[in-house]
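# Remarks on the overall topology
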Amino acid sequence: MAADDAPPDAPTIDGSDGSEETTVASESPRWRRDVAVFLSGQTVSLFGSMLVQYAIMWHLTLETKSGVVLAFAAVAGFLPQAIVSIFGGVWADRMNRKLLIIAADGSIAITTLALAIFLINGAADLWLIFLTLAIRSVGAGIQMPAVSALIPQITPTDKLMRVNGINGSIQSAMMLVAPAAAGALYASASLVAIFFVDVVTAAVGIGLLLLVPVRTLVRSGERPGYFADLTEGVRYVWRHGFVRWLLILFAIVFLLVVAPSYLTPLMIARTFGDEVWMLTVNELAFSVGMVGGGAIIAIWGGTKNRVLLIVGSSVVFGALSIGLGLSTNLWVFFGFMFLLGIAVPFFSTTSMTLLQERVQPERQGRVFGFVGIVMAVSMPLGMIVFGPLADVVSVELLLVVAGVLTFVVLAVAVLVPSGRRAMAEVTKQP
């Protein structure tokens, strides 16, 4: 389509010379190279972030054995992301997505370095850790919509499912390596050493991202104001039946499955033992499963009825949550964690690909911002409930109850008229 024939809201790419081009980045003959470099940089950066995530979680678990402390950590680590994602999604649609990612990564690294310096000087109060988690969460609220919207900008549409599958497999592989590395560093060195590794990996990730050419998407015609963009994004999500339905499903999964599973290290420490290797194997089992699930998606490409994959994987989540709660043998527990890991890419990769395919490029930042809001709000809300309850009843009981509730709420989401309309809307489209 020529530029003069494009509709007023059609996305274009701002050329470096100030002109506008209608050719999107995903049509570049170098898209494979750009995708490879981008994913490599994100993987390196993610590795450092995972080291910090596991180390802090284990540190709080082993030092306090308190569900309330873990609940506070979850709130600090996710709630700021939810608030910032409201604005981060709009920024991702109005600004250069690469620069947003670099700014977020750099801010997270500086915050981690500051905490390391405090710890070296003897300041080890819990509030410092919570504050660091909160600032890192702010960075994630800016980074997540930008990354999710940038991938389809540099990837051809018909390759999205496979690229997302590859990305999921790589991230899962990092989740396989990161717990082992975190366990080794935490046991042999210190929490501070892990923080310094995170700073280095962030710098490497930023360096690789600088090699990827990413232009700013703009709209032809008059540019709407910031709050007009925000309002339009809210209106779009509310009126788009499938997007609204999928966000509700995200909320259910994160509230009833992800939040309780965040307590599995606490269950292991109370029931099976508080040795670091047990916590490490728990994460490794989950990560190996995710590697396998991501590889299956990347090779297979998924079924055409992707809604079926999303719903089916949600049912599996509920069943495995019950299985985890009923486990009386440590290795059976690890087996269920492995299966849970396999199921995750069938839900997450398929969901993200559907959104990337169905949502217009100029709205993707805002839509993924709302995805981040739902995930970031649901997780701490779940932990506010399940964390204190874990100090009153067993984690095993919480996992079983959460699994049963998942079945009930999922059935309602699928059977209500609005749910059926939303699923039909997607399955009827080519």
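Please read all numbers here as calculations on a predicted model, not as lab measurements.

With that settled, the discussion passes to the packing of aromatic side chains. Applying the stated criterion to the full structure yields 10 aromatic pairs. Judged by centre distance (5.8 Å) and plane angle (25 degrees), the rings of Tyr-54 and Trp-58 are stacked. One end of the pair, Tyr-54, and the other, Trp-58, are both in helix α1 (residues 31–64), four residues apart, so they sit about a helical turn from each other. For Tyr-54, a relative accessible area of 3% translates into the label buried. Through successive ring pairs, a cluster of aromatic residues spans Phe-272, Trp-277, Trp-331, Phe-333 and Phe-334. Stacked on the ring of Trp-238, the Lys or Arg Arg-244 has its end atom at 5.5 Å from the ring centre.

One finds Trp-245, Phe-250 and Leu-263 to be the most contacted residues of the largest nonpolar core, which totals 96 residues. Here this core takes 13 residues from helix α8 (residues 241–261), the largest share from any one element. Ranked by size, the runner-up nonpolar core spans 23 residues in total, among them Val-37, Ile-102, Val-147 and Leu-150.

In the contact formed by helix α9 (residues 264–271) and helix α12 (residues 330–358), the axes pass within 12 Å of each other and the chain directions differ by 170 degrees. For the element pair α9 / α12, the angle class is roughly antiparallel. Contact with α9, carried on its side by Thr-264, Met-267 and Ile-268, involves Phe-333, Phe-334 and Met-337 of α12 and no other residues of that element.

This part covers helix α2 (residues 67–94). Between the first and last C-alpha of α2 there are 40 Å, a value that for 28 residues agrees with the 40 Å anticipated at 1.5 Å per step. The axis of α2 is deflected most strongly, by about 45 degrees, at Ser-85. Extensive coverage of α2 is indicated by the burial of 20 of its 28 residues.

Scoring rules and cut-offs
- Residues numbered from 1 in each chain as written.
- Predicted model: local features only at pLDDT ≥ 70, side-chain atom pairs only at ≥ 80, totals over all residues.
- Heavy atoms only, no water.
- Phe/Tyr/Trp six-rings, centres within 6.5 Å; stacked < 30°, edge-to-face > 60°.
- Helix = DSSP H or I, 4+ residues; strand = E, 2+ residues; numbered from the N terminus.
- Buried < 20%, exposed > 50% of the residue type's maximum accessible area, 1.4 Å probe, protein only.
- Lys NZ or Arg CZ within 6 Å of the ring centre and 35° of its normal.
- Core = buried A, V, L, I, M, F, W, Y, C linked by side-chain atoms within 4.5 Å.
- Axes fitted to C-alpha atoms, helices over the stretch in contact; angles between N-to-C directions.
- Parallel < 35°, antiparallel > 145°, perpendicular 65-115°, else oblique.
- Contact = heavy atoms within 4.5 Å.
- Expected span 1.5 Å × (residues − 1).
- Bend = angle between axes of the 7 residues up to and from the residue.

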